[in-house]
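Breakdown of the fold
Residues per chain are reported as follows:
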Amino acid sequence: MFESLQKKTVIVTGASRGIGLGIAKRFGAAGLNVLVVSRSLQDACKVAEEIGPNAMGFAADVSQQAECKAMVEAAVKRFGSVDVLAANAGIFPSASLADMTVEAFDHVMHTNLRSAFLCTQAVMSVMQEQGFGRIILTSSITGPITGFPGWSHYGASKAGQLGFMRTAAIELARSGITINAVMPGNIMTEGLEDMGEDYAARMAASIPLGRLGKVEDIANAVLFFASHEAGYITGQAIVVDGGQVLPESSDAMA
Ligand code: NAP
């Protein structure tokens, strides 16, 4: 059904575990070259090894401009181009408004929001030259649609990504570059597994489709945005949450 993306190159940030790991593996299985990025070179290389010879690990902190530039240069040097950027790296430390420090706020904004700008800016000239590019941000339902105590900084960063995306989409459109976002609900990652079975069961009960998301659910949506067939879609965000944001009260799920 889909035209092949084989031999194209994707950079996946935050790919050493969780959702990014799922995205990297999905793209690797689809035949793309994959630059696996995290701050830990060891973890990134381990994932690249699992994916195969079409993957390479690279260490970069995506909140730092020079490291984003180096990341793109490494992909071009190793694979010859960058066709897709999955800007997925993110952090979600919890802090109530009363306790939140300026440093904690800035750290979340820099890692989640400034990184969207820095990674996009670093990759855009390569994509402009080739007249093709796909950028996909991992946002969240938290911020753009919902709220959760302890995550005001996180929610602001995730909503900010979508604001950034809408203007970037216009600026990049004439170069054949699209930029879109996925908004995951509660996805079963290592971090969530640590919260225990009871927590996971309670979360699942609040989701119309009756289960937490899998990293593959997000990876498939990212792959769709990367496809040739999604070429007329830009500046859009898709919720991938099993219907989690739909019930307007607990009665709706009774
Ligand atoms: P995770 O399991 O904690 O993985 C985060 C990844 O990002 C790791 O590979 C981490 O590796 C990397 N990372 C963190 N800070 C970085 C930085 N400054 N520079 C480069 N890499 C960095 O997180 P996740 O649950 O998969 O979440 C991935 C994305 O999905 C995030 O943007 C998150 O906000 C979003 N999301 C997740 C959920 C969910 O339910 N899990 C729901 C909605 C949205 P290093 O520590 O080695 O750098």
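See the structure above.
Here is a short report on the structure shown in this document. Worth saying up front: this structure is predicted, and the values here are computed from it rather than measured.

Let us look at the sheet that holds strand β4 (residues 84–87). The seven strands lie next to each other as β3-β2-β1-β4-β5-β6-β7, forming an open sheet whose pairing is parallel. Edge positions in the sheet fall to β3 (55–59) and β7 (237–240), since each of these pairs with one other strand and no more. On average, each strand axis in the sheet is inclined to that of its neighbour by 20 degrees, with strand direction left out of account. Taken together, the four bridges between strand β6 (residues 177–184) and β7 define a ladder with parallel strand orientation. Note on β7: the bridge partner recorded for M183 is V239. The strands touched by helix α3 (residues 65–79) within the sheet are β1 (9–13), β2 (33–38) and β3, with β3 carrying the most contacts at an inclination of about 160 degrees. Each of β4, β5 (133–138), β6 and β7 is contacted by helix α8 (residues 215–226), which is oriented at about 165 degrees to β6, the strand it contacts most.

This next bit is on the nonpolar core. Counting 35 residues, the largest nonpolar core has I11, M71 and I135 as the members making the most contacts within it. Non-local contacts of I135, meaning those with residues more than four positions away in its chain, are made with L85, T120, V123, M127, L172, I177, T178, I179 and N180. Ranked by size, the runner-up nonpolar core spans 31 residues in total, among them I23, V36, I136 and A226.

Overall, the coordinates contain two salt bridges when judged by the stated rule. Between K25 and E50 there is a salt bridge whose closest N-O contact spans 3.4 Å. One end of the pair, K25, is in helix α1 (residues 18–29); the other, E50, is in helix α2 (residues 41–51), with 25 residues separating them in the sequence. By relative accessible area, which is 40% here, K25 ends up partly exposed. For E50, a relative accessible area of 46% puts it in the partly exposed group. Between D217 and R211 there is a salt bridge, with the nearest N and O atoms lying 2.9 Å from each other. D217 sits in the partly exposed class, given a relative accessible area of 23%. With relative accessibility at 38%, the residue R211 sits in the partly exposed group.

Conventions adopted
Residues numbered from 1 in each chain as written. Predicted model: local features only at pLDDT ≥ 70, side-chain atom pairs only at ≥ 80, totals over all residues. Heavy atoms only, no water. Pairing = 2+ DSSP bridges. Helix = DSSP H or I, 4+ residues; strand = E, 2+ residues; numbered from the N terminus. Axes fitted to C-alpha atoms, helices over the stretch in contact; angles between N-to-C directions. Contact = heavy atoms within 4.5 Å. Core = buried A, V, L, I, M, F, W, Y, C linked by side-chain atoms within 4.5 Å. Buried < 20%, exposed > 50% of the residue type's maximum accessible area, 1.4 Å probe, protein only. Salt bridge = Lys/Arg side-chain N within 4 Å of Asp/Glu carboxyl O.

So, to be careful, I would describe these as geometric facts and stop short of saying anything about function.
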